[in-house]
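Listed below are the residues making up each chain.
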Amino acid sequence: MPSVLAADFSSLGRSVRKAEKGGADWISVDVMDGHFVPNLSFGPGHVEALTQATGLPIDAHLMVSAPWNFIEAFAQAGAGMIVVHWEACRGAGTSSTSPGAVLKKIRRSGAKAGLALRPKTGAGKALPYLAQADLILVMTVEPGFGGQAFMRDMLPKVKRLRQEISKRRLPVWLQVDGGIDRRTAPLAVESGADALVAGSAVFGARDPAAAVRDLKRIANAKWQSGEK
Ligand code: DX5
């Protein structure tokens, strides 16, 4: 899932088509409100424009303080998945809306529903919502910026969530986002991730299509060896 946060902002469509050529499965759009994270990025209009530029499904990762207010807009814009942060829901005391209610609203909007955990939020906070989510996102960097170093101390969290998802045989994707490259992708897969977001490793490469192809080859090889 290449993240357009690292793409050429002067031509997102061209960047996304290069990733698509390399076999990307989804496109990840990092939405930032300058409040939940100290950065500003994309809105529903970018998602809508990207649905015209590619046939790939789009994952809108809402790094925003009031995700409840934006679900309809991103669903209408064509986001196939909307991912909200646990820390922006009631559990963290920052809003009156529980993660369960937000996930339900996303599914009612027609999109797949994801719940994201910042590095400091433990796996246990996501466990009560595994049956209501289509995806759990473990951030392996502090959200807000691309190009940061992969946080290896997040791997036990990935393992813990994989254990629980597999034990309960839930059809939940376990996504890792932050510092994913050819070196860290195998670590994330080995720990149980089955969806990887990569920004700099794809759009910072001379040939983004080749970078996607290379990352998928490495990740798939690890998945296959893990299945044996
Ligand atoms: C952080 C963003 C980044 C981005 C991926 O808020 O979510 O993790 O998608 O960036 P890289 O792959 O450059 O770490």
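Residues numbered from 1 in each chain as written. Predicted model: local features only at pLDDT ≥ 70, side-chain atom pairs only at ≥ 80, totals over all residues. Heavy atoms only, no water.

Undergrad: Provide a residue-level description of the nonpolar core, including the pertinent values.
TA: Note that soluble globular proteins tend to have their nonpolar side chains buried in a common cluster. In this structure, Val4, Val29, Ile82, Ile136, Leu161 and Leu196 are the most contacted members of the largest nonpolar core, which totals 69 residues. Among all residues touching Val29, those that are not within four sequence positions of it are Val4, Phe42, Val47, Leu50, Ile58, Asp59, Ala60 and His61. In terms of nonpolar packing, the next biggest core, distinct from the first, is built from 11 residues, Val83, Leu135, Met139 and Val141 among them. (Core = buried A, V, L, I, M, F, W, Y, C linked by side-chain atoms within 4.5 Å. Buried < 20%, exposed > 50% of the residue type's maximum accessible area, 1.4 Å probe, protein only. Contact = heavy atoms within 4.5 Å.)

Undergrad: Before we move on, can you summarise the packing of aromatic side chains with the specific residues and values?
TA: According to the stated counting rule, one finds two aromatic pairs in the structure shown. Between Trp26 and Trp173, the ring centres sit 5.7 Å apart and the planes meet at 90°, which makes this aromatic pair edge-to-face. Of the two residues, Trp26 sits in the loop between α1 (12–21) and β1 (27–32) while Trp173 sits in strand β6 (residues 173–177), which places them 147 residues apart along the sequence. The buried category is assigned to Trp26, whose relative accessible area is 9%. We note Lys112 situated over the ring of Trp173; from NZ or CZ to the ring centre the distance is 5.9 Å. Sitting over the ring of Phe36, Arg118 keeps its end group 4.7 Å from the ring centre. (Phe/Tyr/Trp six-rings, centres within 6.5 Å; stacked < 30°, edge-to-face > 60°. Helix = DSSP H or I, 4+ residues; strand = E, 2+ residues; numbered from the N terminus. Lys NZ or Arg CZ within 6 Å of the ring centre and 35° of its normal.)

Undergrad: Summarise the site of the ligand; cite the residues concerned and give the values.
TA: Among the 19 residues in the neighbourhood of the ligand, the closest are listed as Asp30, Gly144, Asp177, Gly199 and Ser200. At 3.2 Å, a side-chain N or O of Ser3 approaches an oxygen atom of the ligand. Within the contact set of the ligand, an oxygen atom lies 2.6 Å away from a side-chain nitrogen or oxygen of Asp30. Alone, the ligand offers 370 Å² of accessible surface; in the complex the protein occludes 98% of this. Those elements that provide at least two residues to the shell around the ligand are β1 and β2 (58–63). (Near = heavy atom within 4 Å. Polar contact = N/O pair within 3.5 Å; in protein donor to acceptor, adjacent residues only side chain to side chain. Areas by Shrake-Rupley, 256 points an atom, 1.4 Å probe, with all protein chains shown as cover.)

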